[in-house]
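What follows is the residue order along each chain.
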Amino acid sequence: MSDDKEPAGQWHGAQMDFSKSMSYGDYLALDKILTAQHPLSPNHNELLFIVQHQTSELWMKLMLHEMHAVREHLRSGDLPPAFKMLARVARIMDQLVHAWDVLATMTPPEYTAIRPYLGASSGFQSYQYREIEFILGNKNARLLSVHNTTPETYAILEKALNEPSVYDEAIRLLARNGLPVSEARLNADPTQPTVADESVKAAWLEVYKDPEHHWALYELAEKLVDLETAFRFWRFRHVTTVERIIGFKTGTGGTAGVSYLRKMLDVVLFPELFALRTAL
């Protein structure tokens, strides 16, 4: 059909008039999203810095949406949806890893030009990142104080601190399936970081030695390993990008920068799932 024969308000069949219906921009609130970037410096490269971190926060919002649902499915023993969601979170982390590739195009002089305008703001203050750490079991009550001046955010993180992690729920699921997990581990203080437990290692080892009998738990274990592996890549790409751009300077938020981030590389979220591989 030629353009001159198209019905009014259409082009090649596409609707063109949205005066009485919702458009793509309306649905996605693009007027808010695309006007939420406010560079403070005159430097061309600051927009990259802002977009990188804003998009990362959006991906983290989706990660948390998925991880909260994963925890509920583990509590109810409904594993197939949890598997799908865990796989999705690992792929989201892949997106976050590759986002560092874009930021890494910023050179040290380019970052130096915008750094004075950042003040004390830092990714260390990202409450969504902190909640992700908490829901995965890497808990630290001291870090709540960063959010003392934002009561709503503090409440979110305090709740996350006091709730069982996804891994806690996976361990409880082991016990409900008849695998021997110590009472001490099942009743561990949820506000403390995950600590390796021999009874949990033995339980997972039994799963891995007889996967056909424990197939759902075996698949859960591998999904958790995939998740932690993706998370490790994310952390590693973060530290290498920071080192590439700022070297060993102190971070804007007051942390030791690269040396602090390197310490985070040693954190193991699901220790028994990695330790048992030596015993197999």
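Predicted model only: the values in this text are computed from it and were never measured. (Residues numbered from 1 in each chain as written. Predicted model: local features only at pLDDT ≥ 70, side-chain atom pairs only at ≥ 80, totals over all residues. Heavy atoms only, no water.)

> Mind showing me how you'd approach the overall build of the protein chain here?
From N to C terminus, the protein chain includes 13 helices and 2 strands. A principal-axis box enclosing the C-alpha atoms of the protein chain has dimensions of 70 × 55 × 35 Å. Burial analysis of the protein chain (280 residues in total) assigns 41% to the buried set. Long-range contacts, defined as pairs at least 24 residues apart, comprise 70% of the intrachain contacts of the protein chain with a sequence gap of at least 6. (Helix = DSSP H or I, 4+ residues; strand = E, 2+ residues; numbered from the N terminus. Buried < 20%, exposed > 50% of the residue type's maximum accessible area, 1.4 Å probe, protein only. Contact = heavy atoms within 4.5 Å.)

> Mind showing me how you'd approach the packing of helix 3 (residues 46-76) against helix 8 (residues 166-176) here?
A packed helix pair is summarised by two numbers, namely the angle formed by the two axes and the spacing between the axes. Orientation of helix 3 relative to helix 8, taken along the N-to-C sense of each, is 15°, at an axis distance of 9 Å. Here helix 3 is positioned roughly parallel relative to helix 8, judged by the angle of their axes. Crossing handedness for the pair helix 3 and helix 8: left-handed. Across the interface between the two elements, Met67, Val70, Arg71, Leu74 and Arg75 from helix 3 touch Val166, Glu169, Ala170, Leu173 and Arg176 from helix 8. (Axes fitted to C-alpha atoms, helices over the stretch in contact; angles between N-to-C directions. Parallel < 35°, antiparallel > 145°, perpendicular 65-115°, else oblique. Left-handed = near helix turned anticlockwise from the far one by under 90°.)

> Explanation requested: a nonpolar patch on the surface in the structure shown.
Residues Met22, Tyr24, Tyr27 and Leu28 make up a contiguous nonpolar surface patch of about 510 Å² in total accessible area. The topology assignment puts Leu28 in helix 1 (residues 24-28). (Patch = residues over 30% accessible without salt bridge, like charges linked within 9 Å, V, L, I, M, F, W, Y side chains within 5 Å. Areas by Shrake-Rupley, 256 points an atom, 1.4 Å probe, with all protein chains shown as cover. Salt bridge = Lys/Arg side-chain N within 4 Å of Asp/Glu carboxyl O.)

> In this structure, what is going on with the confidence of the model for the protein chain? I would like to understand it.
Should pLDDT be low for a region, the predicted coordinates there are not to be read in detail. Within the protein chain, residue pLDDT values average 90, and 92% of them lie at 70 or more. Within the protein chain, strand 1 (residues 10-11) has the poorest average pLDDT of any element, 70, and helix 8 the best, 98. (pLDDT = per-residue confidence, 0-100.)

> I would appreciate a short explanation of the packing of aromatic side chains in the present structure.
Each pair of aromatic rings is reported with the distance of its centres and the angle of its planes. Summed over the entire model, instances satisfying the criterion amount to 7 aromatic pairs. Here the aromatic rings of Tyr167 and Phe270 are separated by 4.9 Å at their centres, their planes lie at 40°, and the arrangement is tilted. Of this pair, Tyr167 sits in helix 8 while Phe270 sits in the loop between helix 12 (258-264) and helix 13 (271-279); the two residues are 103 residues apart in sequence, bridging distant segments of the chain. In terms of burial, Tyr167 and Phe270 fall into one category: buried. For the pair Trp215 and Tyr218, a centre-to-centre distance of 5.2 Å together with 50° between the ring planes defines the contact as tilted. Taken together, the residues Trp215 and Tyr218, both in helix 11 (residues 215-246) and 3 residues apart, mark about one turn of the helix. An aromatic cluster is defined as three or more aromatic residues linked by ring pairs; in this entry it consists of Tyr129, Phe231 and Trp234. (Phe/Tyr/Trp six-rings, centres within 6.5 Å; stacked < 30°, edge-to-face > 60°.)

> Where do I start with the side chain of Glu46 in this structure?
Inspection of the secondary structure puts Glu46 in helix 3. Buried within the structure, Glu46 lacks any salt-bridge partner; Arg115 is the closest side chain of opposite charge, at an N-O distance of 13 Å. At a separation of 3.0 Å, a polar atom in the side chain of Glu46 contacts the main-chain amide nitrogen of Leu40. If sequence neighbours within four positions are ignored, Glu46 has contacts with Pro39, Leu40, Ser41 and Ile114. (Lys, Arg positive; Asp, Glu negative; His and termini not counted. Polar contact = N/O pair within 3.5 Å; in protein donor to acceptor, adjacent residues only side chain to side chain.)

> When you look at the nonpolar core in this model, what are you seeing that I'm missing?
Side chains of a nonpolar character, in soluble globular proteins, are inclined to be buried together. In this structure, Leu136, Trp204, Trp234 and Leu273 are the most contacted members of the largest nonpolar core, which totals 58 residues. Contributions of two or more residues to this core are made by helix 3, helix 4 (79-103), helix 5 (108-114), helix 6 (127-135), helix 8, helix 10 (198-209), helix 11 and helix 13. Looking at this core, the element that brings in the most residues is helix 4, giving 13 residues. If we ignore the near neighbours within four places in the chain, the residues touching Trp234 are Met60, Met63, Met93, Leu96, Val97, Trp100 and Tyr129. In terms of nonpolar packing, the next biggest core, distinct from the first, is built from 5 residues, Phe134, Leu144, Leu157 and Ala160 among them. (Core = buried A, V, L, I, M, F, W, Y, C linked by side-chain atoms within 4.5 Å.)

> Would you take a moment to explain unusual backbone geometry for this structure?
In terms of backbone geometry, most residues other than glycine have negative phi values and most peptide bonds are trans. Located in the positive-phi region is Ala29, a residue other than glycine, with phi close to 55°. Position of Ala29 relative to the elements: it lies in the loop between helix 1 and helix 2 (30-33).

> So what exactly am I meant to see when it comes to the environment of Leu280 here?
Relative to the helices and strands, Leu280 resides in the segment after helix 13. A relative accessible area of 52% means that Leu280 is categorised as exposed. Spatially, the C-alpha atoms of Leu280 and Glu219 are 17 Å apart, while their sequence positions differ by 61 residues. Among residues more than four places away in sequence, those in contact with Leu280 are Leu205, Tyr208 and Lys209.

> So what exactly am I meant to see when it comes to the pattern of salt bridges here?
When their charged atoms lie close together, side chains carrying opposite charge are able to pair. Going through the model one piece at a time under the given rule, you end up with 13 salt bridges. Close ionic contact of Glu163 with Lys159 constitutes a salt bridge, the shortest N to O distance being 2.8 Å. Residue Glu163 is classed as buried on the basis of its relative accessible area of 17%. What makes Lys159 exposed here is its relative accessible area of 52%. The salt bridge partner of Glu222 is Arg277, with a shortest N-O separation of 2.6 Å. Placement of the pair is Glu222 in helix 11 and Arg277 in helix 13, with a sequence separation of 55 residues. The class of Arg277 is partly exposed, set by a relative accessible area of 32%. Through salt bridges with shared partners, a single network forms among Glu72, Arg75, Glu169 and Arg172.

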